[in-house]
Amino acid sequence: MTTLDAAFDLLQCPSCGEPLAPADGGAECGNRHRFDRARQGYLSLRAAHKGKGAPATGDTPDMLEARERFQADGFHDTVAAAVLDAVPESASGWLADLGGGTGWYAARVLDARPTLRGIVLDASAAAVRIAARAHARLAAVSADVWTGIPLRDASVAVALRIFSPGAAAEVRRILAPGGRAVLVVPHGDHQRELQHGLKLMRVPAGKAEEVAASIPDARLVSAREVRARLPLSIEQALDAVFMGPNAFHQERSTVRAALEEWVAPINVTLAVTVVTLELP
Ligand SMILES: C[S@@+](CC[C@H](N)C(=O)[O-])C[C@H]1O[C@@H](n2cnc3c(N)ncnc32)[C@H](O)[C@@H]1O
Ligand SMILES: [Zn+2]
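A short tour of the structure in this document, coming up.

## Topic: the coordination of the zinc ion (ligand 2)
The zinc ion (ligand 2) binds to the protein through Cys13 (SG), Cys16 (SG), Cys29 (SG) and His33 (ND1), with metal-donor distances spanning 2.1 to 2.3 Å. Around the zinc ion (ligand 2) sit 4 donor atoms, and with donor-metal-donor angles ranging over 101 to 114 degrees the site reads as tetrahedral. Donor residues for the zinc ion (ligand 2) sit on one chain with the sequence pattern C-x2-C-x12-C-x3-H. Assessed through its relative accessible area of 2%, Cys13 is described here as buried.

## Structural notes on the side chain of Thr269
Along the chain, Thr269 turns up in strand β11 (residues 266–278). A polar contact of 2.6 Å, which involves the side chain of Thr269, links it to the side chain of Glu193. Contacts of Thr269, omitting those with residues within four sequence positions, involve Asp189, His190, Gln191, Arg192, Glu193, Arg227, Ala228 and Arg229.

## Points about the pairing of strand β8 (residues 156–162)
With 7 of 7 residues buried, β8 lies mostly within the body of the structure. For strand β5 (residues 93–98) and β8, the ladder comprises 4 bridges, and the chain directions are parallel. Paired with Leu95 across the strands is Val158, a residue of β8. Of the pairings in the sheet, the one linking β8 to strand β9 (residues 175–186) comprises 6 bridges and is parallel in character. Bridge pairing in β9 links Ala159 to Ala181. Of the crossover connections in this fold, the one passing from β8 over helix α6 (residues 168–174) to the parallel β9 is right-handed.

## What about the site of ligand 1?
Near ligand 1 there are 20 residues, and of these Asp59, Gln71, Asp122, Asp144 and Ile162 occur at the shortest range. Between an oxygen atom of ligand 1 and a side-chain N or O atom of Gln71, the distance comes to 2.9 Å. At a separation of 2.7 Å, an oxygen atom of ligand 1 approaches a polar side-chain atom of Asp122. Calculation on ligand 1 without its partners gives an accessible area of 600 Å², and the protein chains cover 90% of this total. Within the shell around ligand 1, the residues separate by chemical class into 9 nonpolar, 7 polar and 4 charged.

## Brief notes about the packing of helix α9 (residues 234–242) against helix α10 (residues 252–259)
Where α9 contacts α10, the two axes come as close as 10 Å, and the packing angle between them is 135 degrees. Taken together, the axes of α9 and α10 are oblique relative to one another. Between α9 and α10 the crossing geometry is right-handed. On α10, the residues that touch Ile234, Glu235, Ala237, Leu238, Asp239 and Phe242 of α9 are Arg252, Val255, Arg256 and Leu259. Residues belonging to the contact of α9 with α10 are distributed by class as follows: 6 nonpolar, no polar and 4 charged.

## Section: unusual backbone geometry
With omega at 0 degrees, the peptide bond leading from Ala264 into Pro265 counts as cis. Considering the arrangement of structural elements, one finds Pro265 in the loop between α10 and β11. If you check the backbone angles, Ala154 has positive phi at about 50 degrees while not being a glycine. Assignment of secondary structure puts Ala154 in the loop between β7 (138–142) and β8. Given a relative accessible area of 40%, Ala154 falls into the partly exposed group. Unusually for a residue other than glycine, Lys199 sits at a positive phi of about 50 degrees.

## Some words on the pattern of salt bridges
Taken as a whole, this structure holds 18 salt bridges when the rule is applied. For Arg173, the salt bridge is made with Asp153, and the minimal N-O distance between the two is 2.8 Å. Here Asp153 lies in the loop between β7 and β8 and Arg173 lies in helix α6, a separation of 20 residues in the sequence. What you see here is one network of salt bridges that share partners, running through Arg69, Glu235, Asp239, Arg252 and Arg256.

## Details of the environment of Asp111
One can find Asp111 in helix α4 (residues 104–112). Residue classification places Asp111 among the exposed residues on the basis of a relative accessible area of 57%. The sequence separation of Asp111 and Pro177 amounts to 66 residues, and the corresponding C-alpha distance is 24 Å.

## Regarding the nonpolar core
By size, the foremost hydrophobic cluster in this structure holds 50 residues, and its most contacted members are Val83, Leu194 and Leu259. Of all the elements, α9 adds the most residues to this core, at 6 residues. Setting aside residues no more than four positions away along its own chain, Val83 makes contact with Tyr105, Val109, Leu160, Ile162, Val182, Val184 and Val274. Formed by 42 residues, the second largest nonpolar core is a distinct cluster that contains Cys13, Ala96, Leu121 and Val171.

Analysis parameters
Residues numbered from 1 in each chain as written. Chains lettered and ligands numbered in written order. Predicted model: local features only at pLDDT ≥ 70, side-chain atom pairs only at ≥ 80, totals over all residues. Heavy atoms only, no water. Donors = N, O, S within 2.8 Å, 3.2 Å for Na, K, Ca; no water. Tetrahedral: all angles 85-135°; square planar, octahedral: opposite > 155°, others 65-115°. Buried < 20%, exposed > 50% of the residue type's maximum accessible area, 1.4 Å probe, protein only. Helix = DSSP H or I, 4+ residues; strand = E, 2+ residues; numbered from the N terminus. Polar contact = N/O pair within 3.5 Å; in protein donor to acceptor, adjacent residues only side chain to side chain. Contact = heavy atoms within 4.5 Å. Pairing = 2+ DSSP bridges. Right-handed = clockwise from strand over helix to strand, strands pointing away. Near = heavy atom within 4 Å. Areas by Shrake-Rupley, 256 points an atom, 1.4 Å probe, with all protein chains shown as cover. Nonpolar A, V, L, I, M, F, W, Y, C, P; charged D, E, K, R; others polar. Axes fitted to C-alpha atoms, helices over the stretch in contact; angles between N-to-C directions. Parallel < 35°, antiparallel > 145°, perpendicular 65-115°, else oblique. Left-handed = near helix turned anticlockwise from the far one by under 90°. Salt bridge = Lys/Arg side-chain N within 4 Å of Asp/Glu carboxyl O. Core = buried A, V, L, I, M, F, W, Y, C linked by side-chain atoms within 4.5 Å.

This is the structure:
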């Protein structure tokens, strides 16, 4: 049985909330809403929601490649280590990585926590295609987690939300008793040198205090600040810009021309808080 087959224990229909069961190589709920399983091994649970417009489409393949290179260069290793520290060694059951992209964080946690299985949910089909191959104990589902997470109530032991969107009430709903939410929130000065120097669109900073209070009945386990100055080459600085939403508004060649006026290495601030909450 693949991890995606096993994940039917926790999947629910994004249209009506009924449990999903395997059907004709895809999935179906009791109300006959049908969903496809892609050849590449992920399930597509994208559904339009009344009054909420088309589902989000998420990051493009170019953005994902930039993020994969940046992560492979080690620049998010300190964040990944703090995320892993927030997941108890005794954790067992399911981990859900919300807006989990290519599953880079989920795969690292699963490597170190053999009693967990994981599921990545992301709006980007290109991302979940990669996530479906990222780890043997990781399932991948394309879904809009902003309009509602297609997982059953109290079904996961750990929820990750790393640089990604998602409503706190939904995170609360899917967590089992004693479950943990690990939420990575960028500070106002995250990547500020690039932001200011290139006059980029401001990526709205999260407010760690607000995130820490976002699940009222949860206990705040820790709010750990992770800070570093990353010495980036021009290509790495380009990846730092183009793995985020500025990719939708900027040309790589234009930004490269601007960066070539700078002296490498370009020191860029990494500043996030890893907030860990635990349900009673
Ligand atoms: C900044 S990336 C972070 C990815 C991953 N957590 C990581 O750090 O490697 C944000 C991710 O959220 C996804 N995303 C954006 N809006 C979404 C939505 N409404 N539902 C699900 N995923 C979404 C994007 O496709 C992208 O993969
Ligand atoms: Zn349904």
